[in-house]
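# Tertiary structure, described
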Amino acid sequence: MGKYKIGVLVGSLSKNSINRKLAEALVKLAPENFEFKFLDIGSLPVYNYDNDGDIPAAAKSFKQAIAETDAFLMVTPEYNRSVPSVLKNAIDTGSRPWGQNSWAGKPVAIIGASIGPCGTAIAQGHLRASLACLQMRQMNLPEAYITITDDFYNADGTIGVRTAGFLKTWMESFVSSVTKEVAKA
Ligand SMILES: Cc1cc2nc3c(=O)[nH]c(=O)nc-3n(C[C@H](O)[C@H](O)[C@H](O)COP(=O)(O)O)c2cc1C
């Protein structure tokens with residue numbers, strides 16, 4: 001069985017992030033040959049094309065990490081009906097300099113959690129548009145718009161019975177999608 005390197009981007013820097021918690025619970029549902037690495041996007045400088053000729057060290061390392069990764073899992077909150085700036089900044093950073101889009105051709109799946117009933121649907125729509133423009137190969141279905149309720153997690157941090165089955169199926173789809181997309185590359 002081949003090994004797959006998966007980069008995880010969480011669009012929240014909060015130590016209490018419900019999306020980080022969701023990402024941590026999700027990766028536990030994956031098989032052992034999927035190796036997940038949470039990428040640090042919080043220490044990236046704010047993207048500025050004036051620096052394209054001399055890319056900041058953190059941005060350079062981030063682009064190198066993208067190049068060394070087989071596929072991505074992006075777990076996004078919805079901030080003011082869109083993608084949080086920290087995640088958008090990471091996407092912009094990876095996309096430039098012009099002609100050196102590190103995201104092109106990489107498989108990706110997105111998911112997100114909110115405390116509201118929309119479950120990040122609007123943010124995910126915006127995120128999908130950016131990823132399409134960057135020529136990432138998105139898992140289109142199943143979509144996952146998660147609303148965190150009081151019974152979402154069990155006391156030990158595992159996912160409660162109401163959503164566990166759905167997220168298990170979602171992860172199976174992710175694994176199948178990545179396996180197929182990497183084989184095509
Ligand atoms: C700046 C800001 C804007 C927000 N805007 C939305 C929103 O548009 N839709 C929504 O469902 N929740 C919104 N929320 C509430 C988030 O769903 C909630 O704070 C959630 O915990 C954010 O995810 P995180 O904990 O992973 O950062 C917003 C929260 C913040 C801090």
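Residues numbered from 1 in each chain as written. Predicted model: local features only at pLDDT ≥ 70, side-chain atom pairs only at ≥ 80, totals over all residues.

Its 13 residues place the ends of helix α4 (residues 121-133) 19 Å apart at the C-alpha level, agreeing with the 18 Å of an ideal helix rising 1.5 Å per residue. Along α4, the positions that sit buried rather than exposed are Ala123, Gln124 and Leu127. For α4, the angular spread of buried residues about the axis comes to 95 degrees, placing them on one side. Exposed residues pointing more than 90 degrees away from the buried face of α4 are listed as Ala129, Ala132 and Cys133. Looking one or two places after α4, you find Gln135, whose phi comes out positive at around 60 degrees. (Helix = DSSP H or I, 4+ residues; strand = E, 2+ residues; numbered from the N terminus. Expected span 1.5 Å × (residues − 1). Buried ≥ 20, exposed ≤ 12 C-beta atoms within 10 Å, placed from the backbone. Arc of directions from axis to C-beta.)

The omega torsion across Arg96 and Pro97 is 0 degrees, close enough to zero to call that bond cis. Topologically, Pro97 is positioned in the loop between α3 (85-95) and β4 (107-114). With an omega of -5 degrees, the peptide bond between Leu141 and Pro142 qualifies as cis. Counting through the fold element by element, Pro142 comes out in the loop between β5 (137-138) and β6 (145-147).

Attention shifts here to the environment of Asn19. Mapped onto the fold, Asn19 is located in helix α1 (residues 18-27). Under the C-beta neighbour-count criterion, Asn19 is labelled buried, with 25 such atoms within 10 Å. Considered as a pair, Asn19 and Glu181 are 162 residues apart in the sequence and their alpha carbons are 25 Å apart. Excluding residues that lie within four positions of it along the chain, Asn19 makes contacts with Val10, Gly11, Ser12, Val75, Thr76, Pro77, Gly112 and Ala113. (Contact = placed C-beta atoms within 7 Å.)

Attention now goes to the pairing of strand β2 (residues 34-38). As judged from the five bridges shared by strand β1 (residues 4-10) and β2, these two strands associate in the parallel manner. Within the sheet, the bridge partner assigned to Ile6 lies in β2 and is Phe36. Since β1 and β2 lie parallel, the crossover through α1 that links them has a hand, and here it is right-handed. (Pairing = 2+ DSSP bridges. Right-handed = clockwise from strand over helix to strand, strands pointing away.)

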